[in-house]
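Here's the letter readout for the chains.
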Amino acid sequence: MYYGWYVVGGALLSQVAMVGFFTYVFSLLVLPLQADFGASRTEVMYSMSLSTILGLFVAPAVGFMADKYPIRWLMSAGAVIFGAGLYMLSMTQTLVQFTLLFGLVMAVSNQLLGPICGTATITRWFTDNRGKALGLSATGSSFGGMLLPVLFVSWLGENGDWRGALQNLSYGVILILLPYLVLVMRDAESQSASEASAAEPNADAPAQTGVVSNDYSLKDIVKHPAYWIIGVSIALLFSTYSALLANLTPYISGQGLDKGIAAQTIMILAISGLIGKLLFGYAADKISLRLALTITQGAVITGLVLLAIEPSYPVIAVAIIITGLSTGGMLPVWSALLAAIFGTASYGRVMGLMMPLIVLIVMPGYSLAGYLFDLSGSYSLCFYIFSAAIAVSMPLVALLKMPTLRQQ
């Protein structure tokens, strides 16, 4: 089997652990932390806010390192920081200690183990199957959302032993994820010619034939129109998805449906997102990347408009499936676009520099959704405004200039 697929496995496993914990498991810690430290809900949330703010500064630095240093050691360092940090968090005695340590550990490890390093090395290992590889690696976040909460709940037990649960997770990171990254992850240029010739027929080779390989400076990246077009377009999709996920249960309850239906709807969103990553990853190798992004935008708008009319539950389920499929395809399409336009030599810098732009657009989405609900008494206005914002960004995608060597 072509060695690049083992590299994909490393990126997938990293996202299972990192994204699974940071995105899905943290909510399970909120109540135990409140009880143990006698804190308010707001005080507990400061840790997430701090990690997000610090991440704005860490992401560009990690992106720069991803283009200059071996991915194996960057991701391994991320696993060490993550695993050791989880154990240290279990030993904290005050909420201030927890908040400061959580903010620092998660800001660093989330960037080292998240999409920046993983997708950077995948884009260098693959050419013809790049979208498929990126889509497969992106499923790690979905699997993490399905598996880690179940494990963590079992570790918490009836007594809410969050310290023991964090320690168990740290053991898994150090004993499973770290050895895999150290032993298996490698950069594409380190593969020998004999290994390349031994790959399966029609398999990719690490050589970047036909792909733009310009070495962009940070100034060049920010001045490039594609940085802003892709960044804003993807950020609006992420903002919509994040706001929808955060408000999905209140929306379902507002339609007169019970919490069991809300949980079922969240699961539908997660599963359709997983399928969307695979479908769009495969499609990214077959169709225009600009078309793939446009399809994603149009599908999200369709799903939001359906939700805005407050239909019956079967229509809501259809809207959630459409939205999940399309938002699931964001990461592979986004990653493939960056590689196609900026090339692989500067990929890490481009993604790392784009992260703060995306976060700055995503962060107000939560508050905006809440404000619009308070203003109108329903989520319809919120869904219409998010749809309009995405619609305005759609013509910008047509302005993207794809390289002639690898026309998408």
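Before any of the text, the structure's been laid out above.
**Describing the layout of surface pockets**
Argument step 1. Its boundaries defined by the atoms lining it, the second largest pocket holds a volume of some 230 Å³.
Argument step 2. At 5 residues, the largest contribution of residues to the lining of the second largest pocket is made by helix α7 (residues 162–184).
Argument step 3. Looking at the lining of the second largest pocket, its residues break down into 11 nonpolar, 1 polar and no charged.

**Side note on the packing of aromatic side chains**
Argument step 1. Summed over all chains, the structure comprises 21 aromatic pairs.
Argument step 2. Relative to W334, the ring of F238 lies with its centre 5.9 Å away and its plane at 75 degrees, an arrangement referred to as edge-to-face. Of the two residues, F238 is situated in helix α10 (residues 225–254) and W334 in helix α14 (residues 330–342); the sequence distance between them amounts to 96 residues.
Argument step 3. Residue classification places W334 among the buried positions, given a relative accessible area of 2%.
Argument step 4. The ring of W73 carries R72 above its face, with NZ or CZ at 5.6 Å from the centroid.
Argument step 5. R186 extends its terminal NZ or CZ atom over the ring of Y3, reaching a point 4.0 Å from the ring centre.

**Things to note about the pattern of salt bridges**
Argument step 1. On inspection of all chains with the given rule, the structure shows 3 salt bridges.
Argument step 2. We note a salt bridge from D36 to R163, for which the minimum N-O separation is 3.3 Å. Taken together, the residues span a long stretch of sequence, with D36 in helix α1 (residues 4–37) and R163 in helix α7 at a distance of 127 residues.
Argument step 3. When its relative accessible area of 40% is taken as the criterion, D36 is described as partly exposed.
Argument step 4. Across the salt bridge formed by R124 and D67, the nearest N and O atoms sit 2.4 Å from each other. Taken as a pair, R124 in helix α5 (residues 115–125) and D67 in helix α2 (residues 41–68) lie far apart in primary sequence, 57 residues in all.
Argument step 5. The exposure class of R124 is buried, given its relative accessible area of 11%.
Argument step 6. Each of D67, R124 and R349 takes part in a single network of salt bridges with overlapping partners.

Conventions adopted
Residues numbered from 1 in each chain as written. Predicted model: local features only at pLDDT ≥ 70, side-chain atom pairs only at ≥ 80, totals over all residues. Heavy atoms only, no water. 1 Å grid on protein atoms, 1.4 Å probe; cavity = no way out; pocket = protein on both sides within 12 Å on 5 of 7 lines; lining within 4 Å. Points joined across faces, edges and corners; volume = space filled by probe spheres on them. Helix = DSSP H or I, 4+ residues; strand = E, 2+ residues; numbered from the N terminus. Nonpolar A, V, L, I, M, F, W, Y, C, P; charged D, E, K, R; others polar. Phe/Tyr/Trp six-rings, centres within 6.5 Å; stacked < 30°, edge-to-face > 60°. Buried < 20%, exposed > 50% of the residue type's maximum accessible area, 1.4 Å probe, protein only. Lys NZ or Arg CZ within 6 Å of the ring centre and 35° of its normal. Salt bridge = Lys/Arg side-chain N within 4 Å of Asp/Glu carboxyl O.

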